Amino acid sequence: MLREILDTFLKFLRTFGAMVLFFVRVFLHSPAVFFSRFPLVIKQVYNAGALSIVIIMVSGLFVGGVLALQAFANLERFNAEDTTGIFAGFALIKEIGPVITALLFAGRAGTALASEIGLMKATDQLSAMEMMAVDPVRYVVIPRFLGGVISMPLLTAVFTTIGLAGAHVVAVEWLGVDVGAYWQQLQQALDMEDVLEGIYKSIVFGIIASLLAVWEGYNAIPTAAGVGRATTRTVVITAIAVLIFDFMITAAVSLR
Amino acid sequence: MTWSRKLSDYLIEVHDVDFARGDRSIFKNLSLTIGRGDVTAVMGPSGTGKTTLLQLITRQLVPDKGRIIVDGVDIASLSQSELYKLRQRFGMLFQNGALLTDMSVFENVAFPLREHTELSERLIRHVVLTKLHAVGLRGAAYLMPGQLSGGMSRRVALARAMVMDPDILIYDEPFVGLDPISMGVIAKLIRQMNDALDLTSIVVSHDVREISEVSDFCYVIADGAVAASGSPDELNADTSALVEQFMHGLADGPVAFHYDAPDYEEQLLGKARGN
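Visitor: What is the right way to look at the pattern of salt bridges in this model?
Guide: Where charged atoms from two side chains of opposite charge come close, those side chains can pair. The final tally for this structure, using the stated rule, is 24 salt bridges over all chains. Among the ionic pairs, A:Arg144 bridges to A:Glu116, the shortest N-O distance being 2.9 Å. Pair noted here: A:Arg144 is in helix H6 (residues 136–174) and A:Glu116 is in helix H4 (residues 84–122), with a separation of 28 residues, a long-range link. Relative accessible area serves as the criterion here: at 5%, A:Arg144 is assigned to the buried category. The class of A:Glu116 is partly exposed, set by a relative accessible area of 29%. Between B:Asp216 and B:Arg191 there is a salt bridge, and its shortest N-O distance comes to 3.2 Å. A residue pair is termed long-range when its members are at least 10 positions apart, and B:Asp216 in the loop between helix H7 (208–214) and strand S9 (217–222) and B:Arg191 in helix H6 (residues 180–196) qualify at 25 residues.

Visitor: What's the story with the sheet that holds strand S1 (residues 10–21) of chain B in this structure? I'm lost.
Guide: Hydrogen bonds between backbone atoms are what pair the strands of a sheet, whose relative direction is either parallel or antiparallel. Residues and elements named next belong to chain B. The strand order S2-S1-S4-S5 describes an open sheet built from four strands, whose pairing is antiparallel. Of all strands in the sheet, those bounded by a partner on one side alone are strand S2 (24–35) and strand S5 (73–74). Bridge analysis of S1 against S2 gives eight bridges, and the strand direction is antiparallel. For Val17, the partnering residue across the bridge sits in S2 and is Leu30.

Visitor: Looking at this structure, how should I read the packing of aromatic side chains?
Guide: Residues and elements named next belong to chain A. One pass over the full model with this rule turns up 12 aromatic pairs over all chains. With centroids separated by 5.0 Å and ring planes inclined at 80°, the aromatic side chains of Tyr182 and Trp183 adopt a geometry described as edge-to-face. Classification of Tyr182 as buried rests on a relative accessible area of 0%. The rings of Phe22, Phe23, Trp215 and Tyr218 are connected pair by pair, giving a single aromatic cluster.

Visitor: What should I look at first to understand unusual backbone geometry in this one?
Guide: The bulk of non-glycine residues show a negative phi, and the bulk of peptide bonds are trans. Even without a glycine there, the phi angle at A:Ala133 is positive, about 60°. Looking at where A:Ala133 falls in the secondary structure, it is placed in the loop between helix H5 (125–131) and H6. Positioned with a positive phi, B:Asp16 is a non-glycine residue whose angle comes to about 45°. With respect to the helices and strands, the residue B:Asp16 is situated in strand S1.

Visitor: I'm lost on the nonpolar core in this one. Help?
Guide: In globular proteins that are soluble, nonpolar side chains generally tend to be buried together. Among the nonpolar cores identified, the biggest contains 69 residues, and B:Ile12, B:Phe90 and B:Ile202 are the most heavily contacted of them. In terms of residue count, the dominant contributor to this core is H6(A) (eight residues). Judged by nonpolar contacts, the second largest core, of 51 residues, contains B:Val39, B:Val105, B:Leu158 and B:Ala159.

Visitor: What is the right way to read the sheet that holds strand S10 (residues 225–230) of chain B from this model?
Guide: All names here are of chain B. Strand order in this open sheet of six strands is S6-S7-S8-S3-S9-S10, and the pairing throughout is mixed. Lying at the two open borders of the sheet, with one neighbouring strand each, are strand S6 (90–93) and S10. On average, each strand axis in the sheet is tilted by 15° relative to the strand beside it, whichever way the strands run. In terms of strand pairing, S6 meets strand S7 (residues 168–172) through four bridges, oriented parallel. When the sheet's bridge partners are listed, Met92 is paired in S7 with Ile170. Along the sheet face, helix H5 (residues 150–162) touches S6 and S7 and points at about 170° away from the line of S6.

Visitor: When you look at the pairing of S10(B) in this model, what are you seeing that I'm missing?
Guide: Look at any regular strand and the pattern is simple: side chains alternate between the two faces of the sheet. All names here are of chain B. Sheet topology places S9 next to S10; five bridges connect them, and they run antiparallel. Bridge assignment links Cys218 to a residue of S10, and that residue is Gly230. Between the end of S9 and the start of S10, which pair antiparallel, lie two residues, with Asp223 showing a positive phi angle near 50°.

Visitor: Can you help me understand the side chain of A:Ser52 in this one?
Guide: Mapped onto the elements of the fold, A:Ser52 is located in the loop between helix H2 (38–48) and helix H3 (53–75). Leaving out residues up to four positions away in the same chain, A:Ser52 has contacts with A:Arg108, A:Ala109 and A:Leu155.

Visitor: Explanation requested: H2(A) in the structure shown.
Guide: It helps to recall that an α-helix has 3.6 residues per turn; residues three or four apart then point in one direction. Residues and elements named next belong to chain A. Listed as buried for H2 are Leu40, Val41, Gln44, Val45 and Ala48. All buried residues of H2 lie within an arc of 145° about the axis, which places them on one face of the element. Tucked into the core, H2 has its buried residues touching helix H1 (2–36), H4 and H6.

Visitor: I'm lost on the pairing of strand S8 (residues 200–204) of chain B in this one. Help?
Guide: Residue and element names in this part refer to chain B. Extensive coverage of S8 is indicated by the burial of five of its five residues. Burial along S8 is two-sided: Thr200, Ile202 and Val204 facing one way and Ser201 and Val203 facing the other are all buried. As judged from the four bridges shared by strand S3 (residues 39–43) and S8, these two strands associate in the parallel manner. Across the sheet, residue Thr40 finds its bridge partner in S8, namely Ile202.

The rules behind the values
Residues numbered from 1 in each chain as written. Chains lettered and ligands numbered in written order. Predicted model: local features only at pLDDT ≥ 70, side-chain atom pairs only at ≥ 80, totals over all residues. Heavy atoms only, no water. Salt bridge = Lys/Arg side-chain N within 4 Å of Asp/Glu carboxyl O. Helix = DSSP H or I, 4+ residues; strand = E, 2+ residues; numbered from the N terminus. Buried < 20%, exposed > 50% of the residue type's maximum accessible area, 1.4 Å probe, protein only. Pairing = 2+ DSSP bridges. Phe/Tyr/Trp six-rings, centres within 6.5 Å; stacked < 30°, edge-to-face > 60°. Core = buried A, V, L, I, M, F, W, Y, C linked by side-chain atoms within 4.5 Å. Axes fitted to C-alpha atoms, helices over the stretch in contact; angles between N-to-C directions. Contact = heavy atoms within 4.5 Å. Arc of directions from axis to C-beta.

Here you go:
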C-alpha cells in the first residue's frame, strides 16, 4: 500500500520533472526559432488562428447576445437597463472573452496540435527528423507553440469584439436600450486596466493552451489509442488549467 | 569467416552492450562489427530487438553498459551538435518510410538539403530529381505521400536517405508488407546503392531469402546476443538448431511456438481454483 503510494508519487515527480525540462527547452529556443523559422511559424498561426476564426466569431456573437439578454432582464427590474452595456462589456472584456476563447481554442486548435504531433511520432516522422539531424522540437514543436501563442490574443480580440457587437444587437436593436446610453456608459466605466487584464489573460492562456497541447502530442504513446488519449487529455487539462489560472489572475488583479 | 581483417576495416563496432526496456532485458553482452563497404544483414526472430539495435547505433537510445564506436569515435561521448553532424553521415530507411506527410515527394527528398546546405534552388532540383530517378520515381515527384503505395513510399524514403550522400545506409525491415515485385526492387536497390555509391549498409530483416541474396555478412540475433554469424552460405549450411530453425522457417525449435504459459492441461482442467 505504502509502496504503491510512493510509486505513484515518484511517477508523478518524474512526469512533472520531464514536463518542466520540456517547457524550459521550448521557452529557451523559442526566440531563435521565431526568427530562423518564421515561415513555419506563420503557417502555424494560420492553422491555429485563422482556421479557428469562424468558430470564435459564431461563439462570440451568441455569447455576447446571451450576456445582453441576462443583463437586461435583471437590470430592468432596477430601471437600470441603460447599464446593460457595462455589464456585457465588462464580462466580455475581462472574463468571458479570454476564457471562452481559450476553451474553444483547446477544443479546435489544441486537439489538432496534439493529434498531429502524436501521429507524426506514431509514424516515425519525428525519429526520421532526428536521423536527418533536424531537431523535431525546433522544427515541429516550437513553431506550433508559437503559432498558438500568437493566435490566442488575436482570437480573443476577435471574440470580444464580435461579442460586443452581439450584445449591441440584442440590447439596442432588439430590446430597445438607447444606443447612446449603451456605449457611453460602457466607455465611461471601462478603464485601460480592465482591457489590459483581458489581454494579459489571453497571453497567459495562449501560453498554457499551446504548451499543454504540444507537450501532450510530443509525449503521446505512439499508437492509435495513445494519440487518442493525448488528444482528450489536452482538452481536459487545458480547460482545468485555464480556469484555475483565470481565478488566480483575477484574484491577483482585484486584490492589488 | 574473415577474422583476419584489420580493426579499421570495421566502420561500426558494438562492444559488450547491455540494454533493457524497463525490467525487460533486450541485450546482454551484445558485440558485433559492421564491415566497411559491406551489406551486413541483422536477422532474428521478431521481438529480439533488431530495431532497438539500430536505435542504439544511431544513439536514438543509449545503452545501459558497453560501447558503440562509429568510425573510431565512441558515440556516447558526442555532444548534440557533434551527434547531429555524425547523423548526417547516416541515411536511415524506416519501416514505413516515415515520409513527412505535409510535403510532396519532391519536398521530402529536398528536406535534408534545405536544412543542411545552402544549395541554390536549381541545384536542389537537380539533385532531388537525380535521386528520385535512381529509385525509379522521378515521375512521382509531385505526388503527396498519402498517394503512394507502401513500396513507393519506401523507395522515396530511400531517395531521401541518400540525398545527403551518406556513408552508412540503414534499412529497418525494408521488405515487410511488400509484394514480391517490390521486394525484388528494394533488394536490388540495396545492393546497387551500396556498390555504386561506396556505402556501408545495414539491413535489419527477417526475410531470409531476400536478405541472403544481397548481403555479404549476416548476424542472427536471439536471446539478447549474437546467436550466429557468417556469410549467407555459411549460415545456410549451419546445422545448429536455432540457425536451422530460423533460416529454414521451421515452426518449432529452440524458439518455441508457444509464449510462456502455465501448464496447458492444468489451466484447462484445473481444479476449482478460479484460474
